[in-house]
Amino acid sequence: MAAPDPRVGRLKRRPEFLAVAGTRRKHVAPGLILQVRRHDERQRPAPGEPPIRLGLTASRKVGNAVVRNRARRRLREAARQILTAHAAPGHDFVLVARAATAERPWTELVGDLIAALKRLGLWRDVSKSEAPKNEVNGGPNAVTSNGGTGDGSGGGGVGA
């Protein structure tokens, strides 16, 4: 398992999740629900902690434990790719899995997150020099929709 991104902190306690939900600032998409809360004096990261915090949740409505875990893993990876580079700092985010999250095509799931950030006014563009190498549809390690690596080799090891 990959180490957590140092630029994104975690929401761990129930009051933190409830505070984000209590602001009622959210965007609903087919693959996810994004809830947002701006940091204030009462609830903010400690000094030295990342300026963005993330919480993930998936209820039983999503499916059994295997499906819920898969949905959370997919949301975690989408957040790692998008939030670290494009989300406005100083906010807490909660990604809520939906029934379609585990089976939604990857590009559409990432598109849902991008659309949510833009709709809530929290999208920030970064220059090419600041963008991570493994962006959504690029980079040497990006996975294509057919399961290949995207480098033209087809992802197989036979006859290469």
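Residues numbered from 1 in each chain as written. Predicted model: local features only at pLDDT ≥ 70, side-chain atom pairs only at ≥ 80, totals over all residues. Heavy atoms only, no water.

- The name given to the protein chain in an unreviewed UniProt entry is Ribonuclease P protein component, with the source organism recorded as Azospirillum baldaniorum.
- A UniProt comment under Sequence similarities (unreviewed entry) is attached to the protein chain, and it reads "Belongs to the RnpA family."
- Reading the Function (unreviewed entry) entry of the UniProt record for the protein chain gives the comment "RNaseP catalyzes the removal of the 5'-leader sequence from pre-tRNA to produce the mature 5'-terminus. It can also cleave other RNA substrates such as 4.5S RNA. The protein component plays an auxiliary but essential role in vivo by binding to the 5'-leader sequence and broadening the substrate specificity of the ribozyme." (UniProt positions renumbered as here; feature names shortened; annotations may be inferred.)

## Comments concerning the pairing of strand S5 (residues 91-97)
- Of all seven residues in S5, seven are buried; the element is thus mostly enclosed.
- Side chains His-91, Phe-93, Leu-95 and Ala-97 of S5 all project onto a buried face; the interleaved residues Asp-92, Val-94 and Val-96 project onto the opposite face, where all are buried too.
- Summarising the sheet, strand S3 (residues 32-38) and S5 pair through seven bridges and their orientation is antiparallel. Across the sheet, the residue bridging to Val-36 is Phe-93, located in S5.
- Bridge count between strand S4 (residues 52-57) and S5: six bridges; the pairing is parallel. Looking at S5, one finds that Arg-53 is bridged to Asp-92. (Buried < 20%, exposed > 50% of the residue type's maximum accessible area, 1.4 Å probe, protein only. Helix = DSSP H or I, 4+ residues; strand = E, 2+ residues; numbered from the N terminus. Pairing = 2+ DSSP bridges.)

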